[in-house]
Every structure is written in C-alpha cells, then in structure tokens.
Amino acid sequence: MPKYIWKSISDLADDVKSGKTTATELVEKSLELIEENEEFKPIIAVIKDGSLKRAKEIDSAIKSGKKVGRLAGVPFIAKDNFLVYGADTTAASNILKGFDAPYQSTAINKLEAEGAICVAKANLDAFAHGSSTENSDFFTTLNPHDKTRVPGGSSGGSAASVALSLAPFSLGSDTGGSIRQPASFCGVVGLKPTYGIVGRSGVVAMGSSLDVIGPIAKNVEDAATVLDVISGKDGLDMTMIDRDKESYSKLDKTIKGKKIGLIKEYMDESVDPEVIKVIKESVDKLVASGAIVEEVSLPLSKLGLPAYYILCPAEVSSNLSRYDGQRYGYSYKDAKDLSESYMLSRDVGFGDEAKRRIMIGTYVLSSGYYDAYYKKAQVVRTKIIEESDKAFSKFDFLVGPTTPTTAFKIGDKTGDPISMYLSDLMTVTANLTGCPSMSIPAGEAQGLPVGIQIIAAQRKDRELLGFAKGFEELN
Amino acid sequence: MAKSEYIPTIGIECHVQLKTDTKLFAAVSNDARSAEPNTLVSHICFGLPGALPALNERAVELSCKAAFALGVSPQKFSKFDRKHYFYPDLPKGYQISQFSDPIVVGGHVDIEVDGEKKKIGIVRAHIEEDAGKTTHPAGKDYSLVDLNRAGTPLLEIVSEPEIHSAKEAKAYAQKLYLLMKYADVSDVDLYHGNMRFDVNVSVSKDPKNLGTRTETKNLNSFKAVERAVEYEIKRQIEEIEKGREIIQETRGWDDAKQKTTSQRGKEEAHDYRYFPDPDIPPLNLSDQFIKSAQLAFEKKNFYVIREKLVKAGHLSNQDLDTLFNNPEAVDFALMIIDKKVKTSVAEKVLDWVINVIPSFIDDYSAFESDKVDPLILLAEAYDEEKLISSRAKEGVKNLFKDEEFNVSEFIKQNETVSDESELEIIVEKVLSENEQAANDVANGEMKAIGFLVGQIMKATKGKANPGMVQKIIKQKLKV
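Residues numbered from 1 in each chain as written. Chains lettered and ligands numbered in written order. Predicted model: local features only at pLDDT ≥ 70, side-chain atom pairs only at ≥ 80, totals over all residues.

## Structural notes on the overall build of chain A
What counts, and what does not: In DSSP terms, a helix is any run of H or I states spanning at least four residues, a strand is any run of E spanning at least two, and both are numbered starting from the N terminus. Our radius of gyration looks at C-alpha atoms and nothing else; its globule reference is 2.2 Å times the residue count to the power 0.38. Exposure classes come from backbone-placed C-beta atoms, where a residue is buried if 20 or more other C-beta atoms lie within 10 Å of its own, exposed if 12 or fewer do, and partly exposed in between.
Looking only at helices and strands, chain A has 15 helices and eleven strands in total. The C-alpha atoms of chain A give a radius of gyration of 21 Å, which matches the 23 Å a tight globule of 475 residues would have. Projected onto the principal axes, the alpha-carbon positions of chain A cover approximately 65 × 65 × 45 Å. Burial status across chain A gives 61% buried among its 475 residues.

Structure representation (structure tokens):
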C-alpha cells in the first residue's frame, strides 16, 4: 500500500502559500507517483506540461504576493469523462479517442479557480457504464489491495489513484454507485452529493437525471473541502439547486443522539456475511458512541435496481445519440453513404456495454413499450422517493454496506452483465432519490476493504459529512 | 359537376421564429442572416460531450405573448421532451421540443374571406429548437452542414383542420403573420424563413369522414400556401376521380413548376422515442410572469387596436392590412387618430402614411412622434387649399428627409395663390403667349385647357390654385 501519504488538502495549500513547499514540488511528486504506479493502470492520460506550467504560475503568483486560492498548488486527478484542457477526453471509449475538449467542465474550472491542478485523467468503464473498469475500451485498472481484483467502477481509476496516493484527491461521477462502490473496493472515502448541488456541465453525460459529480479522497475532511469548492450554481446546468449557505467544511461530528436506520434489505442473505460482519461491528461502535440505531425496512429498495436499469439506459440511449461520427470522435472512413457512416461509426466506436444499454434504452422508449417500461419505472422511482422521505422523517441517517461483496476477481463477472449490475444493488437507490450518500472505509474482510454506506436526506450533505467524520474518528 | 361536391379540409402547422437575441438553449447570437457558416455556434449548438441546455427565458416570454395573440392564456405547466432521429444537421441526435405538455393549448385566429368572417381554432403551440441547414452541392459526393441556425427558438403553431379552401388557407397564414408581427413575437421575415408553413390537405365528399391527407412542407410565402393547397385539392380530386387512392405522405412544393411533388422514399417510418428531457426541469410559470407577458401583449393587442382604427373610420380593410405590416406605422396612425383632427385631414395623413411615406424612408423607425404635428399641419394646409397636392407631398418628403425642415415656413413659401386679380394677370399673360391653345379652347376643344393650366402652374411654380385658374381661363375665353 502507498509509501507516500499526502497531508490534508488544506494543509498542503497552506504549505504552498507559506513557502514550506511549492506547487511545482507537489505536482512533480504527484507525476512521479503516477509513473511509479503505472502497473496498476489507473491513468489514461497524464497532463504533464500543462500541470507543471500551472504550478509555476501559482508559485510565481505567490512570490509576487498575489492572492492564490484555497487549494493553491494541490494536485488532483479527474475521471476521464470530465472535459479538461491539456489531454484528450475519451470517457475510456474508442469513439471519443482523440477528442481534445474545447471547453472545460464546471467542476474543473471551479477547482482551478482555487488553485488546484489537474495532473491526470483516470480510467473508467467506457462512458461510466460498469462496476469494475473492465468495460473500459482501453484497459482494466487493478485494485491496489490485490492486483488480481477489480478496483470497482465506473470511477475505478479515480478510486485506485487515491488508494495509491497518486494525488490528494480525485473526481468521480456517480450514476448508480460509480463513486461509492469503487471507493468501498479501494478503501477510500467516496462522496455522492445531493443531485443538483454540483454542476454537470462539461462531464460526459450518462443518465442525466441520475448523474452526480463528487470527490474521492483519503478522508472525510478532504472530501468536504473539495465539495465546498465544486458545488454551487453556474448557470450552465438547469437542474441545479441551491447549495448549503454554510461551508461544507463546517462539520458537526456529533454521533450521540443521532437516529440511525440500519437498512434491513441490505443486510440479508444476498450480502457476503463477511461484509455484514464489518457493518455490524461499525454499528456497534456507533451505538457505543451514543447513536440510536434501529433496523428499518425499505421494501421498495429492491425495486430500485430494475427501475434503474430501465431509466438509466433510456437516458443513455438518448445521450449517446450525439456520438455519430459526423462532427468529432471516431468516424468510419469507408462508409458508402450517410446511413452506413452512422451505423459503422457507432458499431466500431462503441463497446459492448454501451451497445447493450443503447439497445435496452431504445427499446424501453419505443412507442408501444414506453408505458410498460419507462413510465412504469418513473412511477417506481416516485414511490421509492416517497419511501425514502418517510424514512428520513424518522431517521437522521440510513446505513448499510456500500456493496454486497468486497472487490471481485478480474473477469469474474464480465460474462454475466446481470451479476455485474447487482454490485450496484445498494447504491442505486440514492441516485433515484437524489439523496447524498457516502462510502467510508469500515474495516476489512479477508484483507480487502469494506465500506459502510451512509445516506442522508436531500441537501443534508453537510450533516452527512459531519456524521461521517465522527464515524471516521471511531476507527 | 361531381367535383364540386368534394369538401377540402386543411390544417396548417406554422413554425414561427421567436425574436430573441440568442438561441433557445445557448448564449449565442440568433441572427444567422449574414453570418459565415458555423460561426454562430458554441459547444451547446455543436452537441459536444457534456454540453447542457440553458433555457432562454425570453423565448418563454415571447411564447406567452404569442398565446395571448392567439386568444388564450399560456399554460402554467409545460415541459420539454427529446425527439430522436439521426441527421447531420441535428447535432445531439435529438431535437428538444414540447411533446406532451406544450406551452399553448387552444386559441383561435380570426380570418375574413370575401367578406365572410371565420374563426380558425388552434390545437396547440409548442416551443422547439430549429435544426441546422444541410446543403447538397450539385455534382459533389459530399453534403455541407451549417449549424448557425441550430438551436434557434421556434414556436410551432398547429391549427385545427377547420380551413376549407385555398383562399382561407392564405388568409389564415396572412393573419397569423400579422398577429405574430404586431405582437412583436417574431420578425416574421418570410424571405429568411422566419415563418414556414406545412399544410395538411385532404378532400372528402362526406364532411364527417375526412379523406387521407398529405402534408406539403416548408412553404415560405402566402402565395405558396395558397397555390400548394389549390394544387393538392385539384390533384387529390383528380386521383379519386380516376379511382386511385390518396397516399398519406409528405410532399414538397416546387415553386418553379407550381406543383407539389412526392417526397416519399426519402421518408422512413419514424419512432421518435419522445421522453421528458432530464436536463430541463418542467416550466412552472408564476402568475406574475404570465401577467407581465399579458400586459406587454395588451399594448400590442392586434384585435383591439385594429378595432380602434376601424372605428376611427378612415381606413379601408386593405389599407389596414397594409398598415399592420408595419407595427411602427400602426403606432403612428394611432397617434394621428388620437389628435382628433377633422376627418378629411386625418384621412389625408393616413393616406400619406400608408401610400406615400414608405416609398422614401429606409425603415419604419422613421415614424417618430415628433412627425405627427407637422404632418397634420401639411394636411390641414392641403385641406384648406393652401397647398396643392404635389406641394403638400413635397412637404411630407422634406419632413422625413431634411432635419432642418420647418413646416410653417414651407407652407408660407408654397402657399397657393388664390387671389383672383393676381391670377387674372398671369392667365392673361399665358393666354397671349399660347394663342393657338387659347383658340382651340375658345373653339370648344376643351382638351387644350389642361395644357394651359399646366403652363400657368409652371409660371407660378405650382402655387396657383388650379381650380381657380381653370375658372378664370373659361371666363376669359368665354366658354
């Protein structure tokens, strides 16, 4: 495991500002660590020249007494579905290979405005479709804890990068668990904030009504710092809502007296007993610290996954329409007419999982099937939201495992898409409800990390982070 | 003849380009008229990865005004859907439109054909984005796409199938044009495709059982609407008479050949897979938002203002139609009517406004309020025979062309000479200089009198009172 440990993000920025270290030193360190850990394959592209140039700019700004941001000189890694200058944005797909973004995502702009520096683009399942990075059109990332296992996904490269300490934090996107599940598999902190507090502009869309951008970090405090920087309305994303007026770094760590619902359906026989054991131990710790824990049944949560696998592919099939080989990205050269150009560009450019989701999505939106699938799934989504609201009228937080198992073996599930989809079983509900949810390292099972998932009511991100911080300190 | 028993039924869909500065979902200029191809595009218009729509509120405001112009209040709740199909000028692979919940439901357009008034119902009107423009250069193995127009805001207005003749179709199109223009919803520049009509035509002998319809798309003039409907009615009746079936299809209008042609073969059976656009929250318009659109509309309420002008009684229906083509001229006409001058004076000024002034101004913004009083003075001078018609028109022209123009000075300088003794001297002089013509008149050849009057007008630089001149000539020559 990592030989190098980064200080907290705010300490790093303070050191840069006070001259204890420089942005250039931090970026060079990060670039060096990326190179040293190439065998784990977490990175698609390194932004070497660009990041060093920015580091020099920040260093000279500090020297000349100019104001620099609160993340001055702090390196980070972005999942390769974020549009970033200085390297191609591929979403780990062949169809976007060579795409040099002419604009940047909101989250990247906000981080850069505070002096943070993007040093690399992390691997993912192509277009964020998957739970292992095995659907990357380029290569599979290895789990830092066991190279024969997957790092989780789709933000597997981002989670592995933080577990390997390549940078102090990384950015991921979470449509059905894509931040939390790999965070759990890699033993790091992953936060999916409330839907709408972080702008989606400039992030390759997967399921627009489900996509949430968030940080992966080594601890809760760093995740909170990043959220505080990347959240807030930007005028480019109409689905945004107001963020908390208070800083997300202003955390209340109180555990005593908090009402916790332990989700019954996530603790049943479908879950690895070793995982359940770790979660139960965590719950015991919470109880010992004064939390009031009760079991809560969310019977509809079992319908979350099937509803998700209708709604998400529906949006995917629509969002992937723009990759048609006509304006940018891969285009089949020898097509004899327009229709063939569309078909062959998409046939060659998209991987199997993207095609699978396009087909499912196209089917459920087709006339004659819309009511039976898409519309029904929307009804289920509404019911799940109601069930969640009801639970939060009684509890401050809901807890359970992040995933049913620890990191699985590379190749174990690639032949069976359904079993792959099942690794999102416990995470999709928070995407359907829009609630903030985190995965925090809770312990180990047979040497592999186990994450506990903590879910809060919508817009209770600050409360969630505070409680998570309190929990983190118990370990 | 059997043919006369056929009843044509026509429904019209009209795309109106909303008069916004920027596109429907992107902060990019909307005015593609003289821009180089693909210069008015952003990452949103280009459909880049990660690009999200940001709705232009002005387009919603204008759509609300359009609703009021169609005689209904806009829907408080409406939403945007994605309509999927692949085409090179559709960058996202879907068009953002309103499918299940449009912003306008119901309404009507009042038309008049051959003195008969009729209400044409409106089914709905919805906001949508325009596609780009694809051109296929002749003899080349490629096509060109210009995305300047992609994302331009449109309001698609769908009529009930309550139109029953080509004339009615034309009247409907013209009225819609005036309504949208006057409410300032659109520039309605037909030449640049600001308004495009699709006509759905069917014929049947049984009014309760409509025939199979065809849709002729992309008509961009009133004449084309009329001709295309006329042609389709005739063609369909002929087909049926020959025992053939009408095929439900999309047709195009060939303006050179003045006929519709089948576009089938290019069309495929489409399943657009509409679903609510997850990037755009539904519109929930506040009462205040709707109210302010209504107030803005009431200032430009076509029907109310037309009625006011009709009541003033100075203008024919044709004059009114001409007037409403230019909202600035309408405002100007209202200012004149509000002055409550003598009927004959008001009529003269309005005649100048409609028929004279437009020939020498560059654009209608020239109709400024400070022109009202001088125009009335000129018209009064004419009415009181202080100015002859041509001199008065000269004054009108100077008023619009010369910033230094002084109306009272002009009238003084050009005042008609009506002093009989003064005119007699001039008449005698002209008669002596034109003996031949004078003799002709004296001998009863009255044609020559016009020549003599002309000579006198010339001698007086147009200031002589022509009626009086004629009277004096007749007296002198004793005819």
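Past the structure itself, the notes keep going.
## Remarks on the overall build of chain B
Short version of the rule: In this description, a residue-residue contact is defined by the distance between C-beta atoms placed from the backbone, which must lie within 7 Å.
Counting its regular elements, chain B contains 15 helices and 16 strands. Taken over the C-alpha trace, chain B has a radius of gyration of 30 Å; the compact-globule value for 479 residues is 23 Å, which it surpasses by more than 25%. Residues counted as buried form 42% of the 479 residues belonging to chain B. In chain B, of all internal contacts separated by at least 6 residues, the share reaching a separation of at least 24 is 70%.

## Some details on helix α10 (residues 338-349) of chain A
Residues and elements named next belong to chain A. How we decide: Given the number of residues in a helix, its expected span is that number minus one, multiplied by 1.5 Å. The arc refers to the directions leading from the helix axis to the C-beta atoms.
Here α10 contains twelve residues, and its C-alpha end-to-end distance of 16 Å stays within 8% of the 16 Å for a straight helix at 1.5 Å per residue. Along α10, the residues classified as buried are Ser-341, Tyr-342, Ser-345, Arg-346 and Gly-349. Considered in projection along α10, the buried side chains sweep an arc of 110 degrees and stay on one side of the axis. Among the exposed residues of α10, those oriented more than 90 degrees off its buried face are Ser-339 and Asp-347.

## Digging into the sheet that holds strand β1 (residues 43-46) of chain A
Residue and element names in this part refer to chain A. Test applied: For two strands to be treated as a pair, DSSP must find at least two bridges joining them. Fitted lines through C-alpha atoms give the axes, limited to the stretch in contact for helices. The angle between two N-to-C directions lies from 0 to 180 degrees.
Here eleven strands make up an open sheet; going across it, the order is β1-β3-β2-β4-β6-β5-β10-β11-β9-β7-β8 and the pairing mixed. Edge positions in the open sheet fall to β1 and β8 (292-296), since each of these has one partner strand only. The sheet shows a mean angle of 30 degrees between the axes of neighbouring strands, taken without regard to direction.

## Here's the deal with the domain arrangement of chain B
In many reports, interface size means the accessible area that the parts give up when they come together. Residues and elements named next belong to chain B. Just so we agree on the cut-off: Each domain's extent was defined by an automatic or database domain assignment. Gly counts as polar in this scheme, as do all residues outside two lists: the nonpolar Ala, Val, Leu, Ile, Met, Phe, Trp, Tyr, Cys and Pro, and the charged Asp, Glu, Lys and Arg.
In terms of domain boundaries, chain B breaks down into domain 1 (2-284), domain 2 (301-414) and domain 3 (420-477). For domain 2 and domain 3, the distance between their C-alpha centroids amounts to 33 Å. Each partner contributes residues to the interface: domain 2 has five residues there, and domain 3 has four residues. When grouped by side-chain class, the residues that make up the side of domain 2 that touches domain 3 number one nonpolar, two polar and two charged.

## Regarding the interface of chain B and chain A
Tallying the contact residues gives 24 residues for chain B and 34 residues for chain A. The residue inventory of the side of chain B that touches chain A, partitioned by class, reads 14 nonpolar, five polar and five charged.

## Details of the environment of B:Val229
All names here are of chain B. Of note, Val-229 is situated in helix α3 (residues 222-241). Taking the C-beta count within 10 Å as the criterion, Val-229 has 28 such neighbours and is therefore assigned buried. If we ignore the near neighbours within four places in the chain, the residues touching Val-229 are Ile-10, Ala-166, Ala-169, Val-199 and Val-201.

## A word on the sheet that holds strand β3 (residues 81-84) of chain B
All names here are of chain B. Pairing within the open sheet is antiparallel, and its three strands lie in the order β4-β3-β15. The two strands at the open ends of the sheet, each matched to only one other strand, are β4 (94-97) and β15 (275-276). Note that β3 and β4 share four bridges and pair antiparallel. Looking across to β4, one finds that Lys-83 is bridged to Gln-95.

## Side note on the packing of helix α13 (residues 435-442) of chain B against helix α14 (residues 448-459) of chain B
All names here are of chain B. In plain terms, the rule: Note on terminology: angles under 35 degrees are roughly parallel, angles over 145 are roughly antiparallel, angles of 65 to 115 are roughly perpendicular, and the others are oblique. Crossing handedness is defined as follows: a turn of the near helix away from the far one that is anticlockwise and smaller than a right angle gives a left-handed crossing, while the clockwise case is right-handed.
It is at 8 Å that the axes of α13 and α14 come closest, and there the two elements cross at 140 degrees. Of the possible angle classes, the one that applies to α13 and α14 is oblique. In this structure, α13 meets α14 at a crossing whose hand is left-handed. Here Ala-437, Asp-440 and Val-441 of α13 come into contact with α14, specifically with Ala-448, Ile-449, Phe-451 and Leu-452. The class makeup of the residues in the contact of α13 with α14 is six nonpolar, no polar and one charged.

## Section: the environment of A:Lys110
Residues and elements named next belong to chain A. Looking at the secondary structure, you find Lys-110 in helix α4 (residues 106-113). Lys-110 sits 116 residues away from Val-226 along the chain, and the two C-alpha atoms are 9.9 Å apart. The residues contacting Lys-110, other than those within four sequence positions of it, are Val-229 and Ile-230.

## Examining the packing of helix α12 (residues 420-433) of chain B against α14(B)
Residues and elements named next belong to chain B. Here α12 crosses α14 at 120 degrees, and the two axes come no closer than 10 Å. The orientation of α12 relative to α14 falls into the category oblique. The two elements α12 and α14 meet at a crossing, and its hand is right-handed. On α14, the residues that touch Ile-426, Val-427 and Val-430 of α12 are Leu-452, Gln-455, Ile-456 and Ala-459.

## Side note on the nonpolar core
Residues and elements named next belong to chain A. Our working definition: To form a nonpolar core, buried Ala, Val, Leu, Ile, Met, Phe, Trp, Tyr and Cys residues must be joined through C-beta atoms within 7 Å.
Membership of the largest hydrophobic core comes to 150 residues, with the highest contact counts inside it found for Phe-76, Val-119, Val-189, Phe-397 and Ile-454. Looking at which element gives the most residues to this core, the answer is helix α9 (residues 301-319), with eight residues. Setting aside anything within four residues of it in sequence, one finds Ile-454 in contact with Phe-397, Val-399, Ser-437, Met-438, Ile-440, Leu-464, Phe-467 and Ala-468.

## Overview of the pairing of strand β9 (residues 397-401) of chain A
Residue and element names in this part refer to chain A. Across the five residues that make up β9, a large majority, five, are buried. Direction of pairing for strand β7 (residues 259-263) relative to β9: parallel, over a ladder of three bridges. Bridging across to β9, Leu-262 finds its partner in Val-399. Here β9 pairs with strand β11 (residues 448-456) via five bridges, running antiparallel.

## Quick notes on unusual backbone geometry
In this model, A:Gly153 is joined to A:Ser154 through a cis peptide bond whose omega is 10 degrees. In the Ramachandran plot, A:Ala91 falls in the positive-phi region, its phi being about 50 degrees despite a non-glycine side chain. Along the polypeptide, A:Ala91 turns up in the loop between β2 (75-79) and α4. The exposure class of A:Ala91 is buried, given the 34 C-beta atoms found within 10 Å. Here B:Asp114, not a glycine, exhibits a phi torsion of approximately 50 degrees, which is positive.

## A few points about the pairing of β8(A)
Direction of pairing for β7(A) relative to β8(A): parallel, over a ladder of five bridges. Paired with A:Gly261 across the two strands is A:Glu294, which belongs to β8(A).

## Some thoughts on α14(B)
When the terminal C-alpha atoms of α14(B) are compared, their 17 Å separation across twelve residues agrees well with the 16 Å that a helix rising 1.5 Å per residue should span. After α14(B) finishes, the residue B:Lys461 shows a positive phi value of roughly 50 degrees.

## A word on the confidence of the model for chain B
The condition that has to hold: Per residue, pLDDT captures the predictor's confidence, and it can take any value from 0 to 100.
On average, chain B scores 91 in pLDDT, and the residues at 70 or more come to 98%. Model confidence for the complex: the whole-complex pTM is 0.90, and ipTM, which rates the interface, is 0.96.

## What to know about the environment of A:Asp416
Position of A:Asp416 relative to the elements: it lies in the loop between β9 and α13 (417-421). Remark: the alpha-carbon pair of A:Asp416 and A:Ala163, spanning 253 residues in sequence, is separated by 28 Å.

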